[in-house]
Amino acid sequence: MKIRCPKCAWEPDGGEHWQCHCGHIWNTFETIGRCPACHHQHEYTQCVPHAGGCDKHSPHLDWYEGLDKIVEELIEEVFTTEEVLQQP
Ligand SMILES: [Zn+2]
Ligand SMILES: [Zn+2]
């Protein structure tokens, strides 16, 4: 799955660019936004200007390109299964 900033399309380079309010610095995409030190779940992720990105905050899940499609496919799968079950 591709990860990029929803605002400027900057792609995280694998570096530890994010700092939690507890002071811990880590790569937020390794833990899907959860701080490994205090286990706080960060719902928003800021882009990294000094690494070539913008400075905008976006919902963490918006960074994952194609996630909507995966959810759509899952919903479709559930509906398909229900249709099968409803048949006599
Ligand atoms: Zn923390
Ligand atoms: Zn950006």
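Analysis parameters
Residues numbered from 1 in each chain as written. Chains lettered and ligands numbered in written order. Predicted model: local features only at pLDDT ≥ 70, side-chain atom pairs only at ≥ 80, totals over all residues. Heavy atoms only, no water. Helix = DSSP H or I, 4+ residues; strand = E, 2+ residues; numbered from the N terminus. Rg over C-alpha atoms; globule rule 2.2 N^0.38 Å. Salt bridge = Lys/Arg side-chain N within 4 Å of Asp/Glu carboxyl O. Donors = N, O, S within 2.8 Å, 3.2 Å for Na, K, Ca; no water. Tetrahedral: all angles 85-135°; square planar, octahedral: opposite > 155°, others 65-115°. Buried < 20%, exposed > 50% of the residue type's maximum accessible area, 1.4 Å probe, protein only.

Caption draft 1: The overall build of the chain, seen in detail. In terms of regular secondary structure, the chain is built from 1 helix and 6 strands. Element order for the chain, N to C, with α for helix and β for strand: β-β-β-β-β-β-α. At 17 Å, the chain has a C-alpha radius of gyration far larger than the 12 Å of a compact globule built from 88 residues. A principal-axis box enclosing the C-alpha atoms of the chain has dimensions of 60 × 30 × 20 Å.

Caption draft 2: The pattern of salt bridges, seen in detail. Under the definition given, this model contains 3 salt bridges. The shortest N-O distance in the salt bridge between Glu 11 and Lys 2 comes to 3.7 Å. With a closest N to O distance of 3.7 Å, Asp 55 and Lys 56 form a salt bridge.

Caption draft 3: Expanded view of the coordination of the zinc ion (ligand 2). Protein-derived coordination of the zinc ion (ligand 2) comes from Cys 5 (SG), Cys 8 (SG), Cys 47 (SG) and Cys 54 (SG), at a distance range of 2.3 Å. Coordination at the zinc ion (ligand 2) is tetrahedral: its 4 donor atoms span angles of 103 to 114 degrees at the metal. Ordering the donors of the zinc ion (ligand 2) by residue number gives the pattern C-x2-C-x38-C-x6-C. In this pair, Cys 8 sits in the loop between strand 1 (2–3) and strand 2 (18–19) while Cys 54 sits in the loop between strand 4 (44–46) and strand 5 (57–59), placing the two residues 46 residues apart along the sequence. Judged by its relative accessible area of 35%, Cys 8 is partly exposed. The class for Cys 54 is buried, based on a relative accessible area of 17%.

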